[in-house]
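Descriptive analysis of the structure
Each chain is listed here by its residues.
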Amino acid sequence: MLKNKAFLKLFCGQSLANIGDILYTISVISSAYHLTNSALVTSAVPAIITGSMMISGIVAPIIINRFNLNKIWSVTQLGKCMGLLPLVLIINYYNHVNLMILYLIVALIAFLDGFAQPVSNSLVAFYVDKPKLIQANSLLESSNQLLSIGGWASGSILLIFFKSGQILIFSLSFSLLSAVLILLLPKVEIIKPNVDGFSWHELALGWHLIWHSKLLRILTKMDILETIAETVWASAIIIVFVSHVLHLSQEWWGYVNALYMVGTFIGAVVTYSLGKIINKNIGKLICGGAFVASLLMFFVAYNKVPIVLLVLSALTGIANEVKAIPQDTIIQQRISQDKLPLLYATQNILYMGTFSIATLMMGSLAQLIGIRSVFILSAGLLLAATVIAYKNKNAF
């Protein structure tokens, strides 16, 4: 895979952008907290980021129908750098920062960032031959997980030695290097529809694509159920489970999340190593991965041994990744390349919105029916996804 120069540039460009994004998020959250000492003000940062990325997902079809994919990614990445620059100056050189200006810049950067994932995921299908898509997606996913594990840990350590404004300079540097590599990517050509002015119909193109494809309807139903189920791994819920059910200190939720991410990394590596075998058994892996994740969730709900929880968390990460990568690959193999950016943009809106609402819903249910019951409910949702996959296994 790494002999493919186009894919290598995309891989490195995306990896550098991810490092920059992690450092940027750590820096901004740290700055907001030091400026206000308010948990509410600080928690508004990830909420603004999510909301802005959802808005960019809504308008993405309009942009995608009018501009080349390479141009969209390079312009938005350069735009992020231009947004980071005043942020660096404000945080490093001004003692009194206007929070509204800070939030506005964060919203702008997140809005631009919302175009990156749909475009980069789509470009993979242009640069990589279909038989090698499993390995390409596995390599990208393993890199993402490894960078997440190392990036957040390293970023937290950097806060000991550097001010948040200085870390923001590191973020800007990585983002600029990423932009250079993105500019060097081979240009891909997609036949654009004849667009005359703005049409509300454009905003529904991705939804129209999902509705009229049996495969996408099946995968979307599964993904919604799985997205709701996986909110139990969100910090606000797992911390309650660790504290109230297992009676452990609160840092254990960090261990649980870390092992889950390690599991996803292992799952991506396994998928990369067994690419040819997985290509021939995509349907079985999608069904099997969903079933194993459901079974593991039931075990988590009834488990009372801390070490076993860590093992189950890692195994869940492996199961989810072994299912998710073939699922992404089958979309890239079956859906027309020119439709992929619209589809990914729509999926981003759907899954981010579902996760946000489901997190609040699961938090409320945890108080009403108990935290253990929420894990049992999540296991049931994953089992329902398994049933959908099994009933429609021929579609894969």
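Right, let's walk through the structure included here. Values in this document were obtained by computation on a predicted structure and should not be read as measured data.

This next bit is on the overall build of the chain. When you go through the chain residue by residue, the secondary structure sums to 17 helices and zero strands. The buried share of the chain, taken over its 396 residues, is 52%. Taking the contacts inside the chain whose residues are at least 6 apart along the sequence as the reference set, 85% of them involve residues at least 24 apart. On the chain, roughly 18600 Å² of surface is accessible, and the fraction owed to carbon and sulfur atoms is 68%.

So, on to the pattern of salt bridges. Charged atoms that come close allow side chains of opposite charge to pair. In this structure the tally under the stated criterion is three salt bridges. D21 serves as the salt-bridge partner of K80, at 2.9 Å between the closest nitrogen and oxygen. Of this pair, K80 sits in helix α3 (residues 69-93) while D21 sits in helix α1 (residues 5-36), placing them 59 residues apart in sequence. When its relative accessible area of 18% is taken as the criterion, D21 is described as buried. Shared partners join several salt bridges into a network, and the residues in it are D21, K80 and D113.

Before going further, it helps to examine the nonpolar core. Core analysis: the biggest nonpolar cluster contains 53 residues, and W233, F241, I331 and F375 have the highest contact counts within it. Looking at this core, the elements with two or more residues in it are α9 (205-211), α10 (214-229), α11 (235-245), α12 (252-273), α14 (282-302), α15 (306-334), α16 (340-369) and α17 (371-391). The element best represented in this core is α17, accounting for nine residues. With residues near it in sequence (within four places) discarded, I331 still touches L216, L219, L340, L343, Y344 and Q347. I64, L69, A116 and L185 belong to the second largest nonpolar core, which has 25 residues in total.

A word on α17. Over its 21 residues, α17 extends 31 Å from the first C-alpha to the last, a length consistent with the 30 Å expected when each residue adds 1.5 Å. Taken together, the buried positions of α17 are I371, V374, F375, S378, A379, L381, L382, A385, T386, I388 and A389.

On the surface, K3, K132, K276 and K280 cluster together to form a positively charged patch. Turning to its location among the elements, K280 is positioned in helix α13 (residues 275-280).

What follows deals with the environment of P326. Secondary-structure assignment places P326 in helix α15. Using a relative accessible area of 0% as the deciding quantity, one classes P326 as buried. Linking P326 and I286, residues 40 residues apart in sequence, is a C-alpha distance of 7.0 Å. Those residues in contact with P326 that sit more than four places away from it in its chain are I134, I278, I282, L285, I286 and E321.

Take a nonpolar patch on the surface next. On the surface, F291, V292, L295, F299, L383 and V387 cluster together into a nonpolar patch covering about 500 Å² of accessible area. Secondary structure elements with two or more residues in the nonpolar patch: α14 and α17. The element best represented in the nonpolar patch is α14, accounting for four residues. By secondary structure assignment, the location of V387 is in helix α17.

The terminal C-alpha atoms of helix α4 (residues 99-113), which comprises 15 residues, lie 21 Å apart, in line with the 21 Å expected from a rise of 1.5 Å per residue. If you check which residues of α4 are buried, you get L102, Y103, I105, V106, I109, A110, L112 and D113.

This part takes up the packing of α15 against α16. Contact geometry of α15 with α16 gives a least axis separation of 10 Å together with a crossing angle of 145°. Pair α15 / α16 crosses with right-handed handedness. Facing D328, I331 and Q332 of α15, the residues of α16 in contact are L340, L343, Y344 and Q347. Tallied by class, the residues present in the contact of α15 with α16 amount to four nonpolar, two polar and one charged.

The next point concerns the packing of α3 against helix α7 (residues 164-183). Contact geometry of α3 with α7 gives a least axis separation of 9 Å together with a crossing angle of 165°. Classified by the angle their axes make, α3 and α7 are roughly antiparallel. In terms of crossing hand, the pair formed by α3 and α7 is left-handed. For the contact of α3 with α7, the class distribution of residues is 15 nonpolar, nine polar and no charged.

Calculation rules
- Residues numbered from 1 in each chain as written.
- Predicted model: local features only at pLDDT ≥ 70, side-chain atom pairs only at ≥ 80, totals over all residues.
- Heavy atoms only, no water.
- Helix = DSSP H or I, 4+ residues; strand = E, 2+ residues; numbered from the N terminus.
- Buried < 20%, exposed > 50% of the residue type's maximum accessible area, 1.4 Å probe, protein only.
- Contact = heavy atoms within 4.5 Å.
- Areas by Shrake-Rupley, 256 points an atom, 1.4 Å probe, with all protein chains shown as cover.
- Salt bridge = Lys/Arg side-chain N within 4 Å of Asp/Glu carboxyl O.
- Core = buried A, V, L, I, M, F, W, Y, C linked by side-chain atoms within 4.5 Å.
- Expected span 1.5 Å × (residues − 1).
- Patch = residues over 30% accessible without salt bridge, like charges linked within 9 Å, V, L, I, M, F, W, Y side chains within 5 Å.
- Lys, Arg positive; Asp, Glu negative; His and termini not counted.
- Charge placed at Lys NZ, Arg CZ, Asp CG, Glu CD.
- Axes fitted to C-alpha atoms, helices over the stretch in contact; angles between N-to-C directions.
- Left-handed = near helix turned anticlockwise from the far one by under 90°.
- Nonpolar A, V, L, I, M, F, W, Y, C, P; charged D, E, K, R; others polar.
- Parallel < 35°, antiparallel > 145°, perpendicular 65-115°, else oblique.

In short, shape yes, function no, at least from these values alone.
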